Amino acid sequence: MILLTCWKMMRRLKIDTLTKFGTFEVSRRASEVATLGSHCFFSGSRPRNSFRDTSLLAENKKISHFIRIGQINEARAFFDNMGCRNTVSWNSMISGYVKRREMTKARKLFDEMPERDVVSWNLMISGYVSCGGNRFIEEGRCLFEMMPKRDCVSWNTMISGYAKNGMMDQALLLFDRMPHRNVVSWNAVVSGLLQNGDVMRAIEFFNRMPERDAASLSALVSGLIQNEELDGAARVLLEYKNKDGAKENLVHAYNTLIAGYGQKGLVDEARKLFDRIPFRNDERDKNNERFERNVVSWNTMIMCYVKAGDMVSAQELFEQMIERDTFSWNTMISGYVHVLDMEKASNLFSKMPNRDTLSWNLMVSGYSLTGNLELVSDFFEKMPEKSLVSWNSVIAGYEKYEDFNGAIELFLRMQSEGEKPDRHTLSSILSVSTGIMDLNLGMQIHQLVTKTVIPDTPINNALITMYSRCGAILEARTIFEELKLKKEVISWNAMIGGYASHGYASEALELFKLMRHFEVQPTYITFISVLHACAHAGLVEEGRRIFKSMQSEYGVEPTVEHFASLVDIVGRHGQLEEALDLIKSMPFEPDKAVWGALLGASRVHNNVEMARVAAEELMKLEPESSTPYVLLHNMYANMGCWDDAADIRGMMERNNIQKQTARSWIDSGY
DNA sequence: GTAGGGTTAG
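Analysis parameters
Residues numbered from 1 in each chain as written. Chains lettered and ligands numbered in written order. Predicted model: local features only at pLDDT ≥ 70, side-chain atom pairs only at ≥ 80, totals over all residues. Heavy atoms only, no water. Core = buried A, V, L, I, M, F, W, Y, C linked by side-chain atoms within 4.5 Å. Buried < 20%, exposed > 50% of the residue type's maximum accessible area, 1.4 Å probe, protein only. Contact = heavy atoms within 4.5 Å. Helix = DSSP H or I, 4+ residues; strand = E, 2+ residues; numbered from the N terminus. Axes fitted to C-alpha atoms, helices over the stretch in contact; angles between N-to-C directions. Parallel < 35°, antiparallel > 145°, perpendicular 65-115°, else oblique. Left-handed = near helix turned anticlockwise from the far one by under 90°. Nonpolar A, V, L, I, M, F, W, Y, C, P; charged D, E, K, R; others polar. Near = heavy atom within 4 Å. Polar contact = N/O pair within 3.5 Å; in protein donor to acceptor, adjacent residues only side chain to side chain. UniProt positions renumbered as here; feature names shortened; annotations may be inferred. Phe/Tyr/Trp six-rings, centres within 6.5 Å; stacked < 30°, edge-to-face > 60°. Lys NZ or Arg CZ within 6 Å of the ring centre and 35° of its normal.

*Asks:* Sorry if this is basic, but what is going on with the nonpolar core here?
*Replies:* In terms of nonpolar packing, the biggest core is built from 199 residues, with Ile-94, Leu-217, Leu-257, Met-301, Ile-333 and Leu-598 touching the most fellow members. Setting aside its immediate chain neighbours within four residues, Met-301 contacts Ile-258, Val-267, Ala-270, Arg-271, Phe-274 and Leu-317.

This is how it looks when you write it as structure tokens:
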């Protein structure tokens, strides 16, 4: 009975997998058992005791399981406690370290293991080459040369290692030298050539392949797309015939190309390809696979429409789908969120059968973008599971719509709930610090940035903006200098703007010169700051010259803000007529900043006629504002023109204008 | 337990 059970068990586990394990390594604990009755060794070719073997098989699987779910320490503890190990146990453990690129630990086990097979060597090589870089590739090559016996996998690992590190010559040398190539070797070379931009040779190798499989076509199509050869990819795909004439399931490759067209905005091309995929094909091919549209094809096509902003076609296709998955719903929602009309997004959201965190995040970020902060918080609180993106969306929304306290409160709450901020969170909070000009908060966030993320240019830009707006110009400049060649136009703008708004006009202009020296193309924001600096420093000629150069030298169209600055510059200098002419020559309607600049200048130069012109225009633009009335009234009063002053007062009363109480911003303190 | 390729959302 027992024998029968054993035999059945062995049948189920396939005897050959049991016998091919070879020699067992017996640890101290197990060897005690072994000397008593030997359960660990095979006698002849048939296992005498399959319980030990099956349990070893199960134990090895346990190691793999721990590794798969990312619990490497648990895997190691289990491995260390195993009574009996074979080469597979060691290899499994090594593969765990290799996957995590912990090559020192992997190497230690490899050096310690009592008996290595070809897989042990291959694992180590694969680990070294996937770490990348010359040193590791060399280490891999060294093992490759040392190993007693190589199989196809060893060669392929080394070839793809070279290919992925841009060392195509070395890869091809090995490919030429290898004794038996299989389809994987060919695929590795083809995709390697494509990754290194050698399209011609890739196609040549593809055509020379003695056999192909599904991966061959996928590699070629995706590689061609990466090399911007969309037409080539389409040709390959449409003309593709397998060597033995058998039909293959090409849907994957088709989907790849549809997505490629979508990336380039070629929606019509994508649609043509989508329409070529059979809708339903009942004749099964040799591989027992159907070539027909799958849910990914539909999703990808919908995605193309969404990216092109064509929600009508996206919706049409979505409605035709027989089987939708969460992805389909989320893509549609993201499309509606992207074009901001939220009602349709919300409709879909309420109808969808299974929502995941992304669905919720999409709604939250949609309401954040449209500034509906009430609904943001409503959705956020109802989320069954919050991800980092959820927190970031809400914080970004609060920041954008200037609910700075809300943003900070949420930032504190997220940390108390154990969610760690990333660079997105930190840049939002840096913008909050800038918004409320809280240098103290900004400095704390700076410390957090240093501790938790590797600062990239965007976050450094946010730091420069924060420090320069808060008046800590030196700190801003230090970060600006540390950026070295990674300075972007935003970095320059932030720094120039900081100087300009704190009265460091010459520094602002100096930096503007330097920016031109480095051939960084200024934007309209650069010119706003530079003109601002000229106005503060009374640099009339410089201001006029820079204003003219905007269009002629840099092709930047002046906006109403630039005109307002120039009006300010010439007006402050006392050239009020020129300022008025400038306003009249503007290609667009002057706004309150423009008239405000003229009014301010008129007041400084005590030109009451001009002040009256500007004030009347301001009264038309902002009928409820008391500022122009008050300014004009005070000017008349100062000159002793009491009748005129009384007139203004009368106008104020007739128009029901209240003098606004002075308000100041008070630090709410956190 | 090891080698090649692969489509979709924030």
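Resuming the write-up.
*Asks:* How should I be thinking about the side chain of Ser-368 in this particular structure?
*Replies:* For Ser-368, the location among the structural elements is in helix H22 (residues 357-370). Judged by relative accessible area, Ser-368 falls into the buried class, the value being 4%. Those residues in contact with Ser-368, other than ones at most four positions away along the chain, are Val-376, Ser-393, Val-394, Gly-397 and Tyr-401.

*Asks:* I tried to follow the packing of helix H12 (residues 183-195) against helix H13 (residues 199-208) on my own but got confused; where do I start?
*Replies:* Two measures define how a pair of helices packs: the angle their axes make with one another and the distance between the axes. Interaxial distance between H12 and H13 falls to 8 Å at its minimum, and their mutual angle equals 165 degrees. Taken together, the axes of H12 and H13 are roughly antiparallel relative to one another. Crossing handedness for the pair H12 and H13: left-handed. Residues Trp-186, Val-189, Val-190, Leu-193 and Leu-194 of H12 pack against Val-199, Arg-201, Ala-202, Phe-205, Phe-206 and Arg-208 of H13. Split by residue class, the contact of H12 with H13 holds nine nonpolar, no polar and two charged.

*Asks:* What is the right way to look at the protein's contact with DNA strand B in this model?
*Replies:* In the vicinity of DNA strand B, 41 residues are found, and the nearest of them are Asn-91, Asn-187, Val-296, Phe-327 and Leu-358. Within 4 Å of the protein, the contacting atoms of DNA strand B are drawn from sugar and phosphate to the extent of 43%. A distance of 2.7 Å is found between a base nitrogen of DNA strand B and a side-chain nitrogen or oxygen belonging to Asn-156. Side-chain polar atom of His-252 to a base nitrogen of DNA strand B: 2.8 Å apart, as the coordinates give it. Along the lines of polarity and charge, the residues of the surface near DNA strand B split into 14 nonpolar, 22 polar and five charged.

*Asks:* Would you explain the UniProt feature "repeat: PPR" (unreviewed entry) in chain A in this entry?
*Replies:* Listed under "repeat: PPR" (unreviewed entry) in the UniProt record, and renumbered for this structure, are residues 86-120, 151-185, 250-284, 294-328, 356-386, 387-421, 488-522 and 523-558. This span, residues 151-185, is 74% helix and 0% strand, and a straight line between its end C-alpha atoms measures 12 Å. The span residues 488-522 shows a helical share of 74% and a strand share of 0%, and its end C-alpha atoms are spaced 10 Å apart.

*Asks:* Is there a simple way to think about the packing of aromatic side chains in this case?
*Replies:* Given two aromatic rings, one states the distance between the centres and the angle between the planes to describe the pair. Counting across every chain of the model gives 22 aromatic pairs. Between the aromatic rings of Phe-349 and Trp-360, the centroid separation amounts to 5.0 Å while the plane-to-plane angle is 85 degrees, which identifies the pairing as edge-to-face. With Phe-349 in helix H21 (residues 343-351) and Trp-360 in helix H22, the pair connects residues that are eleven residues apart, well separated along the chain. Neither residue differs from the other here; Phe-349 and Trp-360 are each classed as buried. Members of the aromatic cluster, joined through ring pairs, are Phe-349, Trp-360, Tyr-367 and Phe-379. A cation sits over an aromatic face here: Arg-135 above Phe-136, 4.8 Å from the ring centre. It is Arg-212 that lies over the ring of Phe-206; its NZ or CZ is 4.2 Å from the centre.

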